[in-house]
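Next come the chains, spelled out residue by residue.
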Amino acid sequence: MPTDFQKNHKSMAIRAAIFFTIIKLLALQPSDITAKDMPARNLSKGEISDMTSADSINSIPVPQITAVKTSAGATLVHQEISKIPVVAIYVFARGGLLYENNEVKNKRGITCLMQSLITKGTATRTSKDISDEAERIGGTISASTDKDYALVEMTVARENFSKAMELIADVIKNPTFPDEEFAKEKEAAIAAIQTRKDRISTIADDLSNLNFYGSDHPYSVPETGTLKTISAIKRKDIVLWHKKVYSNPANLVISIAGDIDLKTALEESEKKFNIAPRSPDGKSAAMLPEPYDKPPAVKNKRAEEKHDFKQAYLMISYPAPSKAGNNFGYPELKFLSGALGSRMSGRLFKELREKRSLAYEVNAYYPTRALDARFTIYIGLDKSNLATARREIAR
């Protein structure tokens, strides 16, 4: 009989497989994905890796995960989980810093600003209408961004699935980006960037990213952009960028998991996301820039900055596997980051804080990236303990 520990690790493996499948699909260019590449298919047990040879874990049922293309060209990733009458809907779109280069390099952070505005009104709904309707069907609609994608998500009871899909589709397809909302969100974005200088953790993270990737690389700055790049963005830039990100269905990955069958999920995706595909010549003004494709250009292998904090912050980053075609070691490092990190239950916390009293906080993380990723260990500590901490982490 599988233990709770084994079940939890199996669940982690399933979630990692679903998320990695989405990143894998987003990492491919729309031109790389054809109808013959994406028939309806179930992911293999190799793709839903157990990360262990224990037979007892293999006895835990693995929910079926299916990937299929809609007639418009979007990709649907579906998993039916019928035990609880709830459905989670995630609509991913290629975007984020990875695509904010070439003509929009001087406007990095534009995806993040766009996502903060996308739920602020559509052609038929005000911001309050959107919020009220989401509440009426028992959910909350939210939009966010990562370095590689934009995301709109909602979780509702099964009986409200169709209404939630309609609301999400309206927000994605028909935002109006009201002038007053643009002004407010841009001001809030600038304030958020400024507050990064008030926290030692974000100062250290920004310094680490800059020196790990080099200033030309899109991952060298936070998703929010910089004061210079956000200040340069105008409302018309947001309107055009939205068309580039969302007007091509081949840029979308719709992830639906919960108490809903594949037939219904596909029908709703076809109906609600029937975005007209781009013209065959591929010369539409709505085409996204090509994603950045150069390797990191390490600026400094060791960088230090002095600030007026009593605490010190140490971050150590290692090159790590990333996108679809080059993912050897990806799942192992995901589990390693969980074993070392996981806050108070992780090995780093137990060794460096509980046993040796070296740290105020300590953790590890390994974000999934379409481009070059990094595996990072960080520790907040007294300045006098820096040398000891470095030795202990290396050990």
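The rules we used
- Residues numbered from 1 in each chain as written.
- Predicted model: local features only at pLDDT ≥ 70, side-chain atom pairs only at ≥ 80, totals over all residues.
- Heavy atoms only, no water.
- Helix = DSSP H or I, 4+ residues; strand = E, 2+ residues; numbered from the N terminus.
- Contact = heavy atoms within 4.5 Å.
- Polar contact = N/O pair within 3.5 Å; in protein donor to acceptor, adjacent residues only side chain to side chain.
- pLDDT = per-residue confidence, 0-100.
- Phe/Tyr/Trp six-rings, centres within 6.5 Å; stacked < 30°, edge-to-face > 60°.
- Buried < 20%, exposed > 50% of the residue type's maximum accessible area, 1.4 Å probe, protein only.
- Lys NZ or Arg CZ within 6 Å of the ring centre and 35° of its normal.
- Axes fitted to C-alpha atoms, helices over the stretch in contact; angles between N-to-C directions.
- Parallel < 35°, antiparallel > 145°, perpendicular 65-115°, else oblique.
- Salt bridge = Lys/Arg side-chain N within 4 Å of Asp/Glu carboxyl O.

Our focus in this paragraph is the environment of Ser317. Tracing the sequence through the fold places Ser317 in strand 8 (residues 311-320). For the pair Ser317 and Ala364, spaced 47 residues apart in sequence, the C-alpha separation works out to 9.6 Å. Those residues in contact with Ser317 that sit more than four places away from it in its chain are Ser208, Phe212, Arg374, Phe375 and Thr376. Separated by 3.5 Å, the side chains of Ser317 and Ser208 make a polar contact. Polar contacts involving the side chain of Ser317 include one to the side chain of Thr376, which spans 2.7 Å.

Our next topic: the confidence of the model for the protein. On average, residues of the protein carry a pLDDT of 83, and 80% of them reach 70 or more. Averaged pLDDT values for the elements of the protein fall to 42 in helix 2 (residues 55-58) and rise to 98 in helix 3 (residues 110-117). Across residues 30-41, where pLDDT falls below 50, the model places 25 contacts with residues more than four positions away in sequence or in other chains.

With that out of the way, let us pick up the environment of Lys147. Within the fold, Lys147 resides in the loop between strand 5 (142-145) and strand 6 (149-157). With 222 residues separating them along the chain, Lys147 and Arg369 place their C-alpha atoms 7.7 Å apart. One polar contact links the side chain of Lys147 to the main-chain carbonyl oxygen of Val221, over a distance of 3.0 Å.

Bringing the packing of aromatic side chains into the picture now. The description of an aromatic ring pair rests on the distance of the ring centres and on the angle between the ring planes. A complete count under the given rule lists eight aromatic pairs for this structure. Their ring planes at 75° and their centres at 4.9 Å tell us that Phe212 and Tyr213 sit as a pair that is edge-to-face. Looking at Tyr213, the relative accessible area reads 3%, which means it is buried. Taking 5.9 Å as the distance between ring centres and 55° as the angle between the ring planes, the aromatic pair formed by Tyr330 and Tyr366 counts as tilted. Taken together, the residues Tyr330 in helix 11 (residues 330-340) and Tyr366 in the loop between strand 9 (359-365) and strand 10 (373-382) connect sequence positions 36 residues apart. Each member of the pair, Tyr330 together with Tyr366, is buried. In this structure an aromatic cluster arises from ring pairing among Tyr90, Phe92 and Tyr149. Of note, Arg369 hangs over the ring of Tyr219, and the distance from its end group to the ring centre comes to 5.8 Å.

All right, on to the side chain of Ser208 then. Along the chain, Ser208 falls in helix 7 (residues 200-213). What Ser208 contacts, discounting residues up to four positions off in sequence, is Met315, Ser317 and Arg374.

Once that is clear, we can look at the packing of helix 3 against helix 9 (residues 235-246). Contact geometry for helix 3 and helix 9: axes closest at 10 Å, N-to-C directions at 95°. Considered as vectors, helix 3 and helix 9 are oriented roughly perpendicular to each other. For the pair helix 3 and helix 9, the contacting residues are Ile110, Thr111, Leu113, Met114, Gln115 and Leu117 in the first and Asp237, Ile238, Trp241, His242, Val245 and Tyr246 in the second.

Okay, the pattern of salt bridges next. Applying the stated rule across the entire model yields 21 salt bridges. One salt bridge connects Glu304 with Arg302, and the closest N-O pair in it is separated by 3.5 Å. Each member of the pair, Glu304 as well as Arg302, carries the same accessibility label: exposed. One network of salt bridges, in which partners are shared, links Arg125, Glu133, Glu166 and Asp170.

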